[in-house]
Amino acid sequence: MVEKAVTRKRTRATHVGVSDKLSVKVYKAMKRDIIRGVHPAGEALTEKELARKYKASRTPVREGALRLQEDRLLRIVPHRGYFVSQITLQELTDIYEYRAAVECAAAELAARRATDPELLQQLLELAETSYRTDSIESYMQFIEADTAFHVGIARLSRNQMLIRAVNEARCQMERIMYAAIDIHYFGEVPTREHRAIMKAIVEHNPDEARRRMYDHIIQSKGKVLRLTVSSAVGS
């Protein structure tokens, strides 16, 4: 009897483990597709459709949707389903204010605490990343490198809460950057700004690192808001 009980317990544990892994897999796939615009802003989604698309039962889909709602990428409306979150002008402003708060702090701490030569070298290389305006694939690779650059600076700060905050901000930024592809806008390559941030960090100049990061974020905000307003007028 003891052996049977142990076997049942192990079976349940294995089942829970597999379920958890599937839930995470579905969550990551849904998150990727929302960020990349496969599911555009405002689109209505149902558990049945999502379960079919991601080859899972409804439970992992439901668990993934709850996490995506926490990420502010999805809205769950009782008895109606799921809706991909919109990005309004106010939300754009909120995103950039949030970025300015957390990423400037991360840059300042990175300049004070940066001691990882391997990570510093990676960031110096990422700062040089560019893209071709005639290549969507090139731009998508740049988006990945841009996220790695900003998250890497947070990692240099050695503050786990800042790392999580910058990761959260990048989810929203990637959505904005992928959305720009649809209107064939790629913007200017921020290589010079990235170099200036890294120069301040390498020289252990926290005030300059904070200022350079702030200028970088504010310039990005201005470009995106101008683009958003002109697109709205054009439509």
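Our structure's up above, just so we're on the same page.
Attention in this report is confined to the structure presented alongside it.

**So, the overall build of the protein chain**
Right, on to step 1. Along the protein chain, the regular secondary structure elements total nine helices and three strands.
Right, on to step 2. Secondary structure elements of the protein chain occur, N-terminal to C-terminal, as α-β-α-α-β-β-α-α-α-α-α-α.
Right, on to step 3. Expressed as a percentage of the 235 residues in the protein chain, the buried residues total 43%.
Right, on to step 4. When the accessible area of the protein chain is evaluated, it comes to approximately 13,800 Å², of which 54% is carbon and sulfur surface.

**Comments concerning the pairing of strand E2 (residues 74–77)**
Each regular strand shows side chains that alternate between the opposite faces of the sheet.
Right, on to step 1. Summarising the sheet, E2 and strand E3 (residues 81–84) pair through four bridges and their orientation is antiparallel. Residue pairing for E3: Ile 76 is matched across the bridge by Tyr 82.
Right, on to step 2. Counting the residues between successive antiparallel strands, the hairpin from E2 to E3 contains three residues, one of them, His 79, with a positive phi of roughly 70°.

**So, the sheet that holds E3**
Right, on to step 1. The strand order E1-E3-E2 describes an open sheet built from three strands, whose pairing is antiparallel. Strand pairing shows two members of the sheet lacking a second neighbour, strand E1 (44–45) and E2, which therefore form its edges.
Right, on to step 2. Pairing geometry for E1 and E3, over two bridges, is antiparallel. By the bridge assignment, Ala 44 is partnered in E3 with Phe 83.
Right, on to step 3. The sheet contacts of helix H3 (residues 58–70) involve E2 and E3, and relative to E2 the element is tilted by about 120°.

**Remarks on helix H7 (residues 160–182)**
Right, on to step 1. The terminal C-alpha atoms of H7, which comprises 23 residues, lie 34 Å apart, in line with the 33 Å expected from a rise of 1.5 Å per residue.
Right, on to step 2. Two to three positions downstream of the cap, the backbone nitrogen of Met 161 sits 3.0 Å from a side-chain oxygen, assigning the N-cap of H7 to Asn 159.

**Notes on unusual backbone geometry**
Right, on to step 1. Positive phi, close to 60°, is recorded for Arg 158, a residue that is not glycine.
Right, on to step 2. Mapped onto the secondary structure, Arg 158 falls in the loop between helix H6 (136–157) and H7.
Right, on to step 3. On the basis of relative accessibility, which here comes to 52%, the residue Arg 158 falls in the exposed class.
Right, on to step 4. Despite not being glycine, His 204 shows a phi value in the positive range, around 55°.
Right, on to step 5. The topology assignment puts His 204 in the loop between helix H8 (191–202) and helix H9 (206–234).
Right, on to step 6. Overall, His 204 belongs to the partly exposed group, its relative accessible area being 46%.

**Description of the packing of aromatic side chains**
Right, on to step 1. This structure, assessed with the given rule, holds three aromatic pairs.
Right, on to step 2. Their ring planes at 55° and their centres at 4.9 Å tell us that Tyr 131 and Phe 142 sit as a pair that is tilted. Linking Tyr 131 in the loop between helix H5 (117–126) and H6 with Phe 142 in helix H6, this pair joins segments that are eleven residues apart in sequence.
Right, on to step 3. Here Phe 142 falls in the buried class, since its relative accessible area comes to 5%.
Right, on to step 4. An aromatic cluster is present here, built from Tyr 131, Tyr 139 and Phe 142 joined pairwise through their rings.
Right, on to step 5. When the ring centre of Tyr 54 is taken as origin, the NZ or CZ atom of Lys 53, which lies over that ring, is 5.7 Å away.

So, how was this worked out
- Residues numbered from 1 in each chain as written.
- Predicted model: local features only at pLDDT ≥ 70, side-chain atom pairs only at ≥ 80, totals over all residues.
- Heavy atoms only, no water.
- Helix = DSSP H or I, 4+ residues; strand = E, 2+ residues; numbered from the N terminus.
- Buried < 20%, exposed > 50% of the residue type's maximum accessible area, 1.4 Å probe, protein only.
- Areas by Shrake-Rupley, 256 points an atom, 1.4 Å probe, with all protein chains shown as cover.
- Pairing = 2+ DSSP bridges.
- Contact = heavy atoms within 4.5 Å.
- Axes fitted to C-alpha atoms, helices over the stretch in contact; angles between N-to-C directions.
- Expected span 1.5 Å × (residues − 1).
- Polar contact = N/O pair within 3.5 Å; in protein donor to acceptor, adjacent residues only side chain to side chain.
- Phe/Tyr/Trp six-rings, centres within 6.5 Å; stacked < 30°, edge-to-face > 60°.
- Lys NZ or Arg CZ within 6 Å of the ring centre and 35° of its normal.

Structural measurements only, silent on function.
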